Amino acid sequence: QIQLTESGGGLVQAGGSLRLSCAASGRTFRRVAMGWFRQAPGKEREFVATINWSDGRIVSADSVKGRFTISKNNAEDTVHLQMNSLKPEDTAVYYCAASIILSALPTNKYQYSYWGQGTQVTVSS
């Protein structure tokens, strides 16, 4: 099992920034990649960004490219999501996830086996 704990959500005005963090514990040696997803009310959970834990390669959704940056800290076993130039449409619950499959950069939610509890991000206009 891998346990994930998110932090850093909150309320921010449009154009502002937030930094989300996700701490991993447990059998983290099985982890291949870690990602961020988000889910707005009435919508499907959607991919935001993922990072390969071994080589640091990154993939981001087109909707957040140039605004959101995913990064990792191996020593602290954490992954971060720096969110800049936030828009009201970024409002959602953001989830951290860990993948143990062999796909280097999984972007499908079904490729992730472990999930955090989620953290709310609200962007006001």
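Everything here concerns the structure above.
As the structure is a computational prediction, the values presented were derived from the model and not from experiment.

**Section: the overall build of the chain**
Counting its secondary structure elements, the chain contains zero helices and 11 strands. Order of helices (α) and strands (β) in the chain, N terminus to C terminus: β-β-β-β-β-β-β-β-β-β-β. Against the globule reference of 14 Å for 125 residues, the chain gives a C-alpha radius of gyration of 13 Å, in line with a compact fold. Each principal axis of the C-alpha distribution contributes one length, and for the chain these read about 40 × 25 × 25 Å. Across the 125 residues in the chain, those meeting the buried criterion constitute 45%. If you take every contact in the chain between residues at least 6 apart in sequence, the share linking residues at least 24 apart comes to 58%. When the accessible surface of the chain is split by element, carbon and sulfur atoms take 48% of a total near 6,200 Å². With 13 positive and 9 negative side-chain charges, the chain shows a spacing of 3 Å between the two charge centroids.

**Here's the deal with the sheet that holds strand β1 (residues 2-7)**
Taken in spatial order, the four strands of this open sheet run β1-β3-β8-β7, and their pairing is antiparallel. Among the strands making up the open sheet, the edge pair consists of β1 and β7 (68-73). Shown here is a sheet whose adjacent strand axes are inclined to one another by a mean of 20°, direction ignored. Here strand β3 (residues 18-26) runs beside strand β8 (residues 78-83); their pairing, made up of six bridges, is antiparallel. The residue of β8 that forms the bridge with R19 is Q82.

**Quick look at the side chain of S60**
Mapped onto the fold, S60 is located in strand β6 (residues 58-60). Relative accessible area serves as the criterion here: at 16%, S60 is assigned to the buried category.

**Looking at the state of the cysteines**
Considering all chains together, one arrives at one disulfide under this definition. Between the sulfur atoms of C22 and its disulfide partner C96 the distance amounts to 2.1 Å. Disulfide C22-C96: torsion about the S-S bond near -75°, hence left-handed. One end of the pair, C22, is in strand β3; the other, C96, is in strand β9 (residues 92-99), and 74 residues separate them in sequence. As far as burial versus exposure is concerned, C22 and C96 are alike and both buried.

**Considering the nonpolar core**
Where a protein is soluble and globular, its nonpolar side chains tend to be buried together. With 32 residues, the main nonpolar core has L4, M34, W36, V79, L81, M83 and Y94 as its most contacted residues. Of all the secondary-structure elements, those providing two or more residues to this core are β1, β3, β4 (33-39), β5 (46-52), β7, β8, β9 and β11 (119-124). No other element matches β9, which puts five residues into this core. Those residues in contact with Y94 that sit more than four places away from it in its chain are E6, L20, W36, F37, R38, V48, F68, L81, M83, G118, T119 and V121.

**A short note on the packing of aromatic side chains**
Tallying each qualifying case throughout the model produces five aromatic pairs. Centroid distance Y95 to W115: 6.4 Å. Interplanar angle 80°. Geometry classified as edge-to-face. Taken together, the residues Y95 in strand β9 and W115 in strand β10 (residues 114-115) connect sequence positions 20 residues apart. According to the relative accessible area criterion, Y95 is buried, its value standing at 14%. With a relative accessible area of 27%, W115 lands in the partly exposed category. Ring pairs connect the aromatic residues F37, F47, Y95, Y112 and W115, which therefore count as one cluster. Stacked on the ring of W115, the Lys or Arg R45 has its end atom at 4.8 Å from the ring centre. The ring of W53 is capped by K72, whose NZ or CZ atom sits 5.4 Å from the centre of that ring.

The rules behind these values
- Residues numbered from 1 in each chain as written.
- Predicted model: local features only at pLDDT ≥ 70, side-chain atom pairs only at ≥ 80, totals over all residues.
- Heavy atoms only, no water.
- Helix = DSSP H or I, 4+ residues; strand = E, 2+ residues; numbered from the N terminus.
- Rg over C-alpha atoms; globule rule 2.2 N^0.38 Å.
- Buried < 20%, exposed > 50% of the residue type's maximum accessible area, 1.4 Å probe, protein only.
- Contact = heavy atoms within 4.5 Å.
- Areas by Shrake-Rupley, 256 points an atom, 1.4 Å probe, with all protein chains shown as cover.
- Lys, Arg positive; Asp, Glu negative; His and termini not counted.
- Charge placed at Lys NZ, Arg CZ, Asp CG, Glu CD.
- Pairing = 2+ DSSP bridges.
- Axes fitted to C-alpha atoms, helices over the stretch in contact; angles between N-to-C directions.
- Disulfide = S-S within 2.5 Å.
- Core = buried A, V, L, I, M, F, W, Y, C linked by side-chain atoms within 4.5 Å.
- Phe/Tyr/Trp six-rings, centres within 6.5 Å; stacked < 30°, edge-to-face > 60°.
- Lys NZ or Arg CZ within 6 Å of the ring centre and 35° of its normal.

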